[in-house]
Amino acid sequence: SRGEGMVLLRHSRLLVAKEKHPRALVEFCPAGTAARGISADDLIGPDEEWEPPSGDVDYVATSMWRLRHHAKKALHDISALGVGPDHSLWLLSDKSRAVGRLALTKPLRPGGAEISGLDELWRLPKGTKKPEGMVVIDEQRVLVARDTKSMHDNGLIVERPGCGHARRSDA
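Residues numbered from 1 in each chain as written. Predicted model: local features only at pLDDT ≥ 70, side-chain atom pairs only at ≥ 80, totals over all residues. Heavy atoms only, no water.

*Asks:* Can you break down the nonpolar core residue by residue, with the values?
*Replies:* Leu15, Leu25, Leu89 and Leu91 are the most contacted members of the largest nonpolar core, which has 23 residues in total. Secondary structure elements with two or more residues in this core: strand 1 (3–9), strand 2 (13–18), strand 4 (59–67), helix 1 (69–74), strand 6 (89–93) and strand 7 (98–102). Those residues in contact with Leu91, other than ones at most four positions away along the chain, are Leu25, Leu67, Leu75, Ile78, Ala80, Leu81, Ala98, Val99, Gly100, Leu102 and Met134. Counting residues in hydrophobic clusters, the runner-up holds twelve residues, among them Leu124, Val136, Leu156 and Val158. (Core = buried A, V, L, I, M, F, W, Y, C linked by side-chain atoms within 4.5 Å. Buried < 20%, exposed > 50% of the residue type's maximum accessible area, 1.4 Å probe, protein only. Helix = DSSP H or I, 4+ residues; strand = E, 2+ residues; numbered from the N terminus. Contact = heavy atoms within 4.5 Å.)

Shown next, in the form of structure tokens:
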């Protein structure tokens, strides 16, 4: 399994989701650049621009964080990544039909430790088929894109548990 989702990071870095075997997050840096790890400060907000490196650049994997324990049980794969307005990291699982939130209050240190838990887990409605992409709308809602052949009914807005119900979208 190769990369399945990506988030742009400060300092011209990338965070890529490795879907399975193992389920993990992988930091990529321009060749010759040291791993920095991931914190909430590394995630780029919606009003910011990513600073790409100049010229032709090779990227290399510098750190990897595997899902373990509760996080591994909760998310059977990682299908997409998203960034919340509070600079949290969100992971979508196609197989588990869920989205998980990492607040990153404790940074993921370079060298690759493990991700043992999630700060939140939101289940998608039963019967949700092929959730493959996501965008965090705000702290209460996530838009999940479904891989369907239809031009309609291919999106789902999922609300924080206790705030309402998921509803379909023509997104």
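*Asks:* If you had to explain the sheet that holds strand 4 to someone new, which residues and values would you point to?
*Replies:* One open sheet accounts for five strands, arranged 1-2-3-4-8; its pairing is mixed. Bordering the open sheet on either side are strand 1 and strand 8 (114–115), each of which pairs with just one other strand. Of the pairings in the sheet, the one linking strand 2 to strand 3 (residues 24–30) comprises five bridges and is antiparallel in character. Bridging across to strand 3, Lys18 finds its partner in Ala24. (Pairing = 2+ DSSP bridges.)

*Asks:* I'd like a rundown of the pattern of salt bridges, residues and numbers included.
*Replies:* Using the criterion set out here, one finds nine salt bridges in the structure. Notably, a salt bridge pairs Glu48 with Arg10, separated by 2.8 Å at the nearest N-O pair. You can see Glu48 sitting in the loop between strand 3 and strand 4 and its partner Arg10 sitting in the loop between strand 1 and strand 2, a full 38 residues away along the chain. The exposure class of Glu48 is partly exposed, given its relative accessible area of 30%. When the shortest N-O distance is used, the salt bridge between Asp138 and Arg141 registers 2.7 Å. One connected set of salt bridges, linked through shared partners, spans Asp86, Arg101, Glu120 and Arg160. (Salt bridge = Lys/Arg side-chain N within 4 Å of Asp/Glu carboxyl O.)

*Asks:* Would you mind going over unusual backbone geometry in detail, with residue names and values included?
*Replies:* Cis geometry is found at the peptide bond from His21 to Pro22, where omega equals -5°. Its place among the elements puts Pro22 in the loop between strand 2 and strand 3. One non-glycine residue, Ser12, lies in positive phi territory at about 60°. With respect to the secondary-structure elements, Ser12 resides in the loop between strand 1 and strand 2. Even without being a glycine, His87 presents a positive backbone phi close to 65°. Its location among the elements puts His87 in the loop between strand 5 (80–83) and strand 6.

*Asks:* Account for the pairing of strand 3, naming residues and giving values.
*Replies:* Most of strand 3 sits inside the fold, with six of its seven residues counted as buried. Where strand 2 folds back on strand 3, the antiparallel hairpin that results is connected by five residues, among which His21 adopts a positive phi of roughly 55°. Pairing analysis gives seven bridges linking strand 3 to strand 4, with the strands arranged antiparallel. By the bridge assignment for strand 4, Leu25 is matched with Trp65.

*Asks:* Go over the pairing of strand 6, please, and point to the residues and values.
*Replies:* Burial within strand 6 is extensive, with five of its five residues counted as buried. The two faces of strand 6 match: Leu89, Leu91 and Ser93 on one face and Trp90 and Leu92 on the other face are all buried. As paired elements, strand 5 and strand 6 share four bridges and run antiparallel to each other. Bridging across to strand 6, Gly82 finds its partner in Trp90. Linking two consecutive strands that pair antiparallel, namely strand 5 and strand 6, is a turn of five residues; a positive phi of about 65° is found at His87 within it. Between the end of strand 6 and the start of strand 7, which pair antiparallel, lie four residues, with Arg97 showing a positive phi angle near 55°.

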